[in-house]
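What follows is the residue order along each chain.
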Amino acid sequence: RSRPEVPPCTPVLLSSGINAEYGVVVTEQYPKGLGGTCSELNIGHCKIKCPKTKFSMVIPDVQDYLNENGKRKSIILFGIEAHVCIQQTALDLLTLGYEVHVIVDACSSRTDTDRAFAFQRMRHAGVFLTTSESMILALAGGSDHPQFRALQKIIKTEAADTQLIQTLPISL
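What comes next is a walk through the structure. From a predicted model like this one, the values you see are computed outputs, not experimental measurements. (Residues numbered from 1 in each chain as written. Predicted model: local features only at pLDDT ≥ 70, side-chain atom pairs only at ≥ 80, totals over all residues. Heavy atoms only, no water.)

Regarding its fold elements, the protein chain presents nine helices and five strands. In the protein chain, the succession of α and β elements from N to C terminus is α-α-β-α-β-α-β-α-β-α-β-α-α-α. In the protein chain, which comprises 172 residues, the share counted as buried stands at 41%. Within the protein chain, counting contacts between residues at least 6 apart in sequence, those at least 24 apart form 71% of the total. As displayed, the protein chain offers around 9,800 Å² of accessible surface, 53% of which is attributable to carbon and sulfur atoms. (Helix = DSSP H or I, 4+ residues; strand = E, 2+ residues; numbered from the N terminus. Buried < 20%, exposed > 50% of the residue type's maximum accessible area, 1.4 Å probe, protein only. Contact = heavy atoms within 4.5 Å. Areas by Shrake-Rupley, 256 points an atom, 1.4 Å probe, with all protein chains shown as cover.)

What follows is the structure, encoded as structure tokens:
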């Protein structure tokens, strides 16, 4: 691996508090064999946590949750193995008619090549690629959000270099 399996901004996203307003869904790839979610991630407030063996997190329990909360039009994704689980989930959600946002600095892959081409494929399929800071502020909506000061402190922390500019084939 050329970078940490869990990007440094992932705990920030989960602990920002703003997620409680929208609901966090966690899936774990075969936790019996691969282990559960690492302890550095606070997932105590998540709406559901499901084991899975399918690469996509669009599994019956998650689909039931989405159907019960049908007013959602957009889904935000981040996690490990961008080239497998995140990509398959994003493509499945697009097929179901959702607007999908992937937080690129909160996704990892085994290699930079896998990560870069996963982002490229998802973008071409219609996924919106964004960053953790951009998404946190977009969800807050403005400085009048009750948690804005706390969020401001979180995002002022210097972000780790994700090296995306060097590896992501971006055409502007």
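Before going further, it helps to spend a moment on the sheet that holds strand β5 (residues 128-130). Strand order in the open sheet formed by three strands is β3-β4-β5, with parallel pairing between adjacent strands. Edge positions in the sheet fall to β3 (74-79) and β5, since each of these pairs with one other strand and no more. If you compare each strand with its neighbour and ignore which way they point, the axes differ by 25° on average. Pairing of strand β4 (residues 99-107) with β5 involves three bridges; the strand directions are parallel. Directly across from V102, in β5, lies its bridge partner L129. On top of the sheet, helix α7 (residues 132-140) reaches β3, β4 and β5; it is set at about 130° to β4, its chief contact. (Pairing = 2+ DSSP bridges. Axes fitted to C-alpha atoms, helices over the stretch in contact; angles between N-to-C directions.)

Okay, the nonpolar core next. In terms of nonpolar packing, the biggest core is built from 22 residues, with L77, L93, V100, V102 and M122 touching the most fellow members. Broken down by secondary-structure element, the contributors of at least two residues to this core are α4 (60-68), β3, α5 (82-95), β4 and α6 (112-125). Leave out the neighbours within four places in its chain, and V100 touches I75, L77, A90, L93, L94, V127 and F128. The next biggest cluster of nonpolar side chains, apart from the first, holds 10 residues, and it includes C9, L139, A140 and L151. (Core = buried A, V, L, I, M, F, W, Y, C linked by side-chain atoms within 4.5 Å.)

Below, the discussion takes up unusual backbone geometry. The phi dihedral of E81 is positive, around 60°, even though this residue is not glycine. When you line up the elements, E81 lands in the loop between β3 and α5. Exposure remark for E81: the relative accessible area of 16% places this residue in the buried category.

The subject of this paragraph is α7. Inspection of α7 places S132, M135, I136, L139 and A140 among the buried residues, and these make up the whole buried set. Buried positions in α7, seen along its axis, are confined to an arc of 135° and lie on one side of it. Positive backbone phi, at 85°, marks G141, one or two positions downstream of α7. (Arc of directions from axis to C-beta.)

Locating T89 in the fold gives a position in helix α5. In this structure, T89 is in contact with F55, S56, M57, V58 and L77, ignoring residues within four places of it in sequence.

Attention shifts here to the environment of C85. Of note, C85 is situated in helix α5. Given the relative accessible area of 15%, C85 is considered buried. Along the primary structure C85 and M57 are separated by 28 residues, whereas in three dimensions their C-alpha atoms are 7.1 Å apart. Once residues within four sequence positions are removed from consideration, C85 is found in contact with Q29, K52, F55, S56 and I80.

Bringing the packing of α5 against α6 into the picture now. Remark: α5 packs on α6, axes separated minimally by 9 Å, with the N-to-C direction vectors making an angle of 5°. Overall, the two elements α5 and α6 adopt an arrangement that is roughly parallel. Together, A82, H83, I86, Q87, Q88, A90, L91 and L94 of α5 and D114, F117, A118, F119, R121, M122 and A125 of α6 make up the contact between the two elements. Of the residues in the contact of α5 with α6, the class split is 10 nonpolar, three polar and two charged. (Parallel < 35°, antiparallel > 145°, perpendicular 65-115°, else oblique. Nonpolar A, V, L, I, M, F, W, Y, C, P; charged D, E, K, R; others polar.)

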